[in-house]
Amino acid sequence: MGKKKQAASTPATAALDAAGISYVAHSYTHSDSAESYGAEAAEQLGASGDRVFKTLMVSTGANATQDLAVAVVPVDSKLDLKAIGIALGTKKAQMADKAAAQRRSGYVLGGISPFGQRQKTDTVIDSSAQQFETIFISGGRRGFSLEIAPQDAAKATGAIWAPIATS
């Protein structure tokens, strides 16, 4: 799998390039009327919802704006908050405040990528990703996804694998 350079890079592509990790960039026209960023991405990419992954930020501790982690799950699934809490060794997890997620990651909602975030953040990728040769993950802006081998996604983020998705 080779790299397709885009005219404008993102912190996500810059981080992957710096790490020497291969990916294929896919751009599509994002619609402001889309009800689900993930469903829109799957449709625009022509990929099944179990192969396109969304990046979610969760709060895992007493300080809801500082104790954050990243969850990467298929767009056709929901995040199991109890499962990610267990995977991270915490008693509980909840969805992060939207503003805190944007500040921590450096990305806008609908474009949050697990790669190239402002701060290193614990990351958990749903173990279902391992069944695919490549998966799609946000490239750091709405309408921009990266096709990457799951093992490379985990390597780039220092992620652990866990069953954190539910239907």
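Cut-offs used in this document
Residues numbered from 1 in each chain as written. Predicted model: local features only at pLDDT ≥ 70, side-chain atom pairs only at ≥ 80, totals over all residues. Heavy atoms only, no water. Phe/Tyr/Trp six-rings, centres within 6.5 Å; stacked < 30°, edge-to-face > 60°. Lys NZ or Arg CZ within 6 Å of the ring centre and 35° of its normal. Salt bridge = Lys/Arg side-chain N within 4 Å of Asp/Glu carboxyl O. Helix = DSSP H or I, 4+ residues; strand = E, 2+ residues; numbered from the N terminus. Buried < 20%, exposed > 50% of the residue type's maximum accessible area, 1.4 Å probe, protein only. Pairing = 2+ DSSP bridges.

Under an unreviewed UniProt entry, the name given to the protein is Cys-tRNA(Pro)/Cys-tRNA(Cys) deacylase, and the source organism is Glutamicibacter mysorens.

Some details on the packing of aromatic side chains
Within this structure, the stated rule accounts for 0 aromatic pairs. In this structure, Arg-141 is placed above the aromatic ring of Phe-144, and the distance from its NZ or CZ to the ring centre is 4.3 Å.

Remarks on the pattern of salt bridges
Any two side chains of opposite charge can pair, so long as their charged atoms come close to each other. Under the counting rule described, the total for this entry stands at 1 salt bridge. Across the pair Glu-147 and Arg-51 runs a salt bridge, and its minimum N-O distance is 3.0 Å. Of this pair, Glu-147 sits in strand 8 (residues 144-148) while Arg-51 sits in the loop between helix 2 (37-45) and strand 2 (52-59); the two residues are 96 residues apart in sequence, bridging distant segments of the chain. For Arg-51, a relative accessible area of 23% translates into the label partly exposed.

Notes on the pairing of strand 3 (residues 68-74)
Consecutive side chains of a regular strand alternate in pointing toward one face of the sheet and then the other. Counting buried residues in strand 3 gives 7 out of 7 residues, a clear majority hidden from the surface. Both strand 2 and strand 3 contribute to a ladder of 7 bridges, which runs antiparallel. Within strand 3, the residue paired with Val-58 across the bridge is Ala-69. The sheet contact formed by strand 3 and strand 6 (residues 123-126) spans 3 bridges and is parallel. Bridging across to strand 6, Ala-71 finds its partner in Val-124.

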